Structures are given as structure tokens and as C-alpha cells.
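A look at the structure
The primary structure of each chain is shown beneath.
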Amino acid sequence: MNAARFPDQRGRYGKFGGRYVPETLVAALDRLQAGVDRHLHSADFQAEYHLELKTWVGRPTALTYADSLSRRWGARVWLKREDLAHTGAHKINNAIGQTLLAKRLGAKRIIAETGAGQHGVASAAAAARLGLPCVVYMGAVDVERQAPNVGRMKLMGATVVPVTSGDATLRAAIDEALRDWVSDPEGTYYSLGSAVGPHPYPYLVRELQSVIGREARTQMQEQAGALPDVAVACVGGGSNAIGLFHPFLDDAGVQLLGIEAGGRGAGLGDNAASLTFGTPGVLQGSYTLILQDADGQVRETHSVSAGLDYSGVGPEHAHLMSSGRVVYEAATDAEALSALTECAECEGILPAIETAHAFAGARRYAAAHPGARILIGCSGRGDKDMPILQRTILKDAV
Ligand SMILES: *Cc1c(COP(=O)(O)O)cnc(C)c1O
């Protein structure tokens, strides 16, 4: 397959993607599209972006050989350490890139949505760095659940607006950010946090996150002398996964494995695995796979990890699944938590609960493919998850 072909002119990845938005948003998206076409791949923008990645974000992030996990799993395991990036996850690659773009488009303020708070923190940091005011929409439920991240955003000068409409979580926060944006599409830049939403966001976010896979590809060749047999990443909206996978799409020998949040099980409402259990439909401007009931009502999701708890997924992943290039599986809450403990004990690395889903999937792959070279996208660190880890894994210990 020729990955460079996607998306097409209309923002489609095969039959997925596109732009399903009210008339009021079309002009704003056209403006963004023109800005992306003009700046994103210009030498000037790329130089500025890469300087920020190097001197502020801390890139390239390390590739770590996981010696103990490798011996335990009977495989060879490398970790691409996005947990070492500034603010503790891959989200910053996208946030700083979009904020640099916002400046070039003459925006006077940044708005963003956030679920677990990681994109909110990254956006607040990027806006502070570049001297723009920042408003973060966050579901009221998540404001409660993610108090430490709310504090971090405020300390960096952002205004956090709790959203009480709808499900009062990520989906409602995105709706509210879109509403804000249409009221002032020229002065305001909407920095979207994952590879979802209407075109050109899934493309823009993929391009900004592909630095993960480009670095990992070179580092594997340097350290392992070969490309991996498989690259594994967790999938919420799908930004860290597409960033890791995209530079490997044309490497036929590299299998790609995306791991979704399997939650409590396969029932509707018990998980957030839109690719594994979803059906085609339109969510927040994009035709993709979504968790909906027989009447097309989008359903609430469940996952132990707030960052994967979303009822849709980026359209490029829906396409990569239907083309067969990428395989997607789900890992349950329990599998993720046990993989998290194993990684922490073996490697001295506490991954985010989102990230732990990738470890759970990789462990399964290793059991079926002894000796395989496995590259895991370590999307973020777990410090933010301490309150929930206290209540789950540590409950007997405290
Ligand atoms: C937000 C987040 C995710 C999920 O988002 P994607 O867009 O699917 O990458 C995964 N891991 C971490 C650490 C996150 O913060």
C-alpha cells in the first residue's frame, strides 16, 4: 500500500474520514487547511518545530532495550520512550506543533479540549512557551477525576472551563471547543488533541506525531541492527499509534498492532474499543468506527484509563484495519493493570495506564511469537495515574 496517498483531497482514508460538519465550521476548517498546506511542510516551519522538539520537548526520546521484560517474555523488547518527553507523554509533539501553526495563522488565543488532562497540560505548556493565552475545555466529571492535571494547567496560566453538558467528559468537551471556535475562527486557534475530528485534523496530528516512528525506525536500525518484527501501541483516538505506525507502513516485514481499551468486556458500554467492537458512523465531524447502539445513539464508554475512554477513533485507523495493514485487539482493564505492574517491577518504568494496554498486547504477541523483536510505543508516564493506582493495585498494600 502507498501510505502517502492518504488522505485524498476530501480528507478521506478509503471510505473513512472526511468532514461532516455544520456550515458554520466549513470556513474555519478551510482556513486551517490552507494554513496547513502553506506552512506545515515549509523548511522554515519545520526548522522552528524541530528546534522546539529538541531544546524544549527533549527529543529525540530514548529507545530503551527492556532486558528483564525480554527475558521474562522470551522475546526482544524495545521501548520508545515518549514518557520522557516534556510534560510526560507524546501529546506535547502535537501541542507545540499546532501552537506554532496558530502563531503563523495570526491567532490571538489557543483553545483545547482534554479528557485525562494530558492534552490540556501540553496545550497550556505550549501556549505559555509561545506567549498565547489558553482556554481548556474539560468535562466536569474529568475535572473531578484529574485534579492534579487541572492544577498543572492553571499554574501554567491556562483557564480551565468545566463542561457540564452531554456526558460531561471528553466528547462534551470537544463539542464545546468547536462551539467556541466557530464564534471567532480567525482570532482563535483550536488545538485538537488526537488524530480524530474533521479533516484536516487527523492528517495534521499524524504528521506532527510521526516524529515518534521516524526516530524509532532509525534507533532500531542503530541498536538492533534491524527493524522490529512488530510495533505495538495503545489506541484511544489514535495519535500516538499513528505516529509510531506511519513511518513503518511501507515496511512489509513490520507487523503493526494497535491495542484498544477492552474495559470490563465485550458488552456495549463496558469498553472503549471502537475498532474491535464498533460500527461505522459519524462522530464529531468524521466518518469512522464508533460505539453506538442499534438506533445510532453514541454510547458511553468504560475504561480504567481516562485517556482511552472515547467512543470513536481516528479515521485512518478505521481504514488501516479494513485494509488489513494494521491489526487491532483489545486489552481489558485487568490485563493492562497487570502489565503496568510487570513493567514497573522489571524495568523501573511506571507507564501510564493507557500505555499499559500496549504492554498487555505486546505480552500476548510475545507468547505467540517466541524470540520476536518487539517495539512498544511507551506513550506516557504513570505519575498522573497514582490516585487510581492507589485505589486498584495498591489497595491491599496501604
Ligand atoms: C492521551 C493519551 C493516550 C491516548 O491518546 P491517543 O491519541 O490514542 O494517543 C495514550 N497514552 C497516553 C500517555 C496519553 O496521554
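Because the structure is a prediction, the values reported are computed rather than measured.

Observations concerning the overall build of the chain
- Summing up its helical and strand segments, the chain has 16 helices and 14 strands in all.
- A total of 398 residues make up the chain; the buried ones form 62% of that total.
- Contacts spanning at least 24 positions in sequence make up 73% of the contacts within the chain whose residues lie at least 6 apart.
- For the chain, the separation between the mean place of its 38 positive charges and that of its 42 negative charges on side chains is 3 Å.

With respect to the sheet that holds strand β6 (residues 134–139)
- Taken in spatial order, the four strands make up an open sheet running β7-β6-β5-β8, and their pairing is parallel. Pairing within the sheet leaves two strands with one partner each, and these edge strands are β7 (159–163) and β8 (188–191). Direction aside, neighbouring strands of the sheet carry axes that sit 25 degrees apart on average.
- The pairing of strand β5 (residues 109–114) with β6 spans five bridges and is parallel. Note that in β6 the partner of Ala112 across the bridge is Val136.
- Contacts from helix α5 (residues 118–130) reach β5, β6 and β8, with the element oriented near 165 degrees to β5.

Thoughts on the domain arrangement of the chain
- The assigned domain composition of the chain is domain 1 (19–53 + 91–205) and domain 2 (58–88 + 210–391).
- Just the C-alpha atoms count here: the centres of domain 1 and domain 2 sit 23 Å apart.
- Interface of domain 1 and domain 2: buried area, both sides summed, is about 2,400 Å²; carbon and sulfur atoms make up 57% of it.
- The largest share of the area that domain 1 buries against domain 2 comes from Tyr20, Leu53 and Arg171, three residues that together contribute 25% of it.
- Counting across the domain 1 and domain 2 interface gives ten residue pairs in polar contact (both at pLDDT 80 or more).
- Those elements that place two or more of their residues in the side of domain 1 that touches domain 2 are α2 (43–57), α4 (91–104), α5, α7 (147–155), α8 (170–183) and α9 (201–209).
- Across the side of domain 1 that touches domain 2, the residue classes tally to 15 nonpolar, eight polar and six charged.

Focus: the packing of aromatic side chains
- Summed over the entire model, instances satisfying the criterion amount to seven aromatic pairs.
- A centroid spacing of 6.1 Å and a plane angle of 65 degrees characterise the contact between Trp181 and Tyr190, whose relative ring orientation is edge-to-face.
- Grouping aromatic residues by their ring pairs yields a cluster made of Phe16, Tyr20 and Tyr287.

Overview of the site of the ligand
- With respect to spatial proximity, 19 residues lie near the ligand, and among them Lys91, Ser194, Gly236, Ser239 and Ser379 are the closest.
- At 3.0 Å, a side-chain N or O of His90 approaches an oxygen atom of the ligand.
- Contact distances for the ligand include 2.8 Å between an oxygen atom and a side-chain N or O atom of Asn240.
- Against a free-state accessible area of 380 Å², the protein chains account for coverage of 97% of the ligand.
- Residue assignment for the shell around the ligand shows that the elements contributing at least two residues are α11 (239–245) and α15 (353–368).
- When residues of the shell around the ligand are sorted by domain, at least three fall in each of domain 1 (19–53 + 91–205) and domain 2 (58–88 + 210–391).

So, α5
- For α5, with 13 residues, the first-to-last C-alpha span of 18 Å sits near the 18 Å given by 1.5 Å per residue.
- Of all 13 residues that make up α5, eleven are buried, and the element is covered over most of its length.
- Among the residues of α5, those classed as buried are Gln118, His119, Gly120, Val121, Ala122, Ser123, Ala124, Ala125, Ala126, Ala127 and Leu130.
- Against the buried residues of α5 lie α2, α4, β5, β6, α7 and β8.
- Among the residues trailing α5, Gly131 stands out with phi positive, at a value near 75 degrees.

Here we look at the pattern of salt bridges
- Enumeration over the complete set of coordinates arrives at 24 salt bridges.
- Across the pair Asp44 and Arg104 runs a salt bridge, and its minimum N-O distance is 2.9 Å. Note that Asp44 is positioned in helix α2 and Arg104 in helix α4, a separation of 60 residues in sequence.
- A residue is classified by how much of its surface remains accessible, and Arg104, at 27% relative accessible area, is partly exposed.

Some words on unusual backbone geometry
- Omega for the peptide link from Arg59 to Pro60 comes to -5 degrees, which places this bond in the cis form.
- Of note, Pro60 is situated in the loop between α2 and β3 (63–65).
- Here the residue pair His199 and Pro200 is connected by a cis peptide bond, since its omega of 10 degrees sits within 30 degrees of zero.
- Here Pro200 lies in the loop between β8 and α9.

Brief notes about α2
- Compared with the 21 Å implied by 1.5 Å per residue over 15 residues, the 20 Å span of α2 between its first and last C-alpha is a close match.
- The set of residues buried in α2 consists of Phe45, Tyr49, Glu52, Leu53, Trp56 and Val57. Seen from one end, α2 has its buried residues packed into an arc of 115 degrees, which puts them on one side. Of the residues in α2, the exposed ones pointing more than 90 degrees away from the buried face are Ala43, Asp44, Leu51, Lys54 and Thr55.

Calculation notes
- Residues numbered from 1 in each chain as written.
- Predicted model: local features only at pLDDT ≥ 70, side-chain atom pairs only at ≥ 80, totals over all residues.
- Heavy atoms only, no water.
- Helix = DSSP H or I, 4+ residues; strand = E, 2+ residues; numbered from the N terminus.
- Buried < 20%, exposed > 50% of the residue type's maximum accessible area, 1.4 Å probe, protein only.
- Contact = heavy atoms within 4.5 Å.
- Lys, Arg positive; Asp, Glu negative; His and termini not counted.
- Charge placed at Lys NZ, Arg CZ, Asp CG, Glu CD.
- Pairing = 2+ DSSP bridges.
- Axes fitted to C-alpha atoms, helices over the stretch in contact; angles between N-to-C directions.
- Domains from an automatic or database assignment.
- Buried area = accessible area lost by both parts, 1.4 Å probe.
- Polar contact = N/O pair within 3.5 Å; in protein donor to acceptor, adjacent residues only side chain to side chain.
- Nonpolar A, V, L, I, M, F, W, Y, C, P; charged D, E, K, R; others polar.
- Phe/Tyr/Trp six-rings, centres within 6.5 Å; stacked < 30°, edge-to-face > 60°.
- Near = heavy atom within 4 Å.
- Areas by Shrake-Rupley, 256 points an atom, 1.4 Å probe, with all protein chains shown as cover.
- Expected span 1.5 Å × (residues − 1).
- Salt bridge = Lys/Arg side-chain N within 4 Å of Asp/Glu carboxyl O.
- Arc of directions from axis to C-beta.

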